Amino acid sequence: MQTPEVFDPDKRKLLSALAHGSIFFSGLLVSIGIPIALLFVSNDPVVKDNAREAINFHFNVWLYGVILIPLSFITFGLAGGIWWLVHWGLTAWAIVHCLNTPDQAFRYPFIFRLL
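Residues numbered from 1 in each chain as written. Predicted model: local features only at pLDDT ≥ 70, side-chain atom pairs only at ≥ 80, totals over all residues. Heavy atoms only, no water.

A. Structural view of unusual backbone geometry. In this structure, phenylalanine 76 takes a positive phi of about 55° despite not being glycine. Looking at the element boundaries, phenylalanine 76 is found in the loop between α3 (45–74) and α4 (78–100). Phi is positive for phenylalanine 110, close to 60°, though the residue is something other than glycine. With respect to the helices and strands, the residue phenylalanine 110 is situated in the segment after α4. (Helix = DSSP H or I, 4+ residues; strand = E, 2+ residues; numbered from the N terminus.)

The following block contains the structure:
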């Protein structure tokens with residue numbers, strides 16, 4: 001009988017938080033490379049789930065940015081400012097969740113999931 005694989009919780013916390021925290025570099029297109037690399041390099045299923053969710057969140061941030069940046073000109077920056085606060089707030093929530101609950105992948109609310 002095969003024993004279940006045990007994963008290092010500190011490594012899981014760090015890699016999961018890194019996957020979600022990469023959105024803080026979203027101005028750079030390479031920021032999505034961090035969770036993509038973690039998806040392929042890690043063998044931890046929770047880290048892989050967090051990386052997938054972070055990739056999906058990147059796509060959503062870009063999509064909503066394309067929609068809300070033009071609206072910001074009409075709303076004098078309000079639409080873009082609110083989305084900026086929401087996406088950074090959700091990212092902070094994801095990082096805190098990963099650090100406090102390392103055995104469960106974080107799921108962003110209200111996003112489209114391509115992966």
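B. Expanded view of the nonpolar core. With 11 residues, the main nonpolar core is built from Ile23, Phe57, Val61, Leu68, Ala79, Trp83, Leu90, Ala94, Phe106, Tyr108 and Ile111. Considering each element in turn, this core owes the most residues, four residues, to α4. Discounting residues that sit within four places of it in the chain, leucine 68 has contacts with Ala79, Gly80 and Trp83. One finds Leu15, Ala19, Leu38 and Val47 within the second-largest nonpolar core, a separate group that totals nine residues. (Core = buried A, V, L, I, M, F, W, Y, C linked by side-chain atoms within 4.5 Å. Buried < 20%, exposed > 50% of the residue type's maximum accessible area, 1.4 Å probe, protein only. Contact = heavy atoms within 4.5 Å.)

C. Main features of the packing of aromatic side chains. In total, this model carries seven aromatic pairs according to the counting rule given. Geometrically, the ring pair formed by phenylalanine 57 and tyrosine 108 is stacked, given 3.9 Å between the ring centres and 5° between the ring planes. A residue pair is termed long-range when its members are at least 10 positions apart, and phenylalanine 57 in helix α3 and tyrosine 108 in the segment after α4 qualify at 51 residues. Note on tyrosine 108: relative accessible area 2%, which makes it buried. Ring centres of tyrosine 64 and tryptophan 83 lie 5.1 Å apart, and the angle between their planes is 70°; on these two criteria the pair is classed as edge-to-face. Separated by 19 residues along the polypeptide, tyrosine 64 in helix α3 and tryptophan 83 in helix α4 bring together distant segments of the chain. An aromatic cluster is present here, built from Phe57, Trp93, Phe106 and Tyr108 joined pairwise through their rings. (Phe/Tyr/Trp six-rings, centres within 6.5 Å; stacked < 30°, edge-to-face > 60°.)

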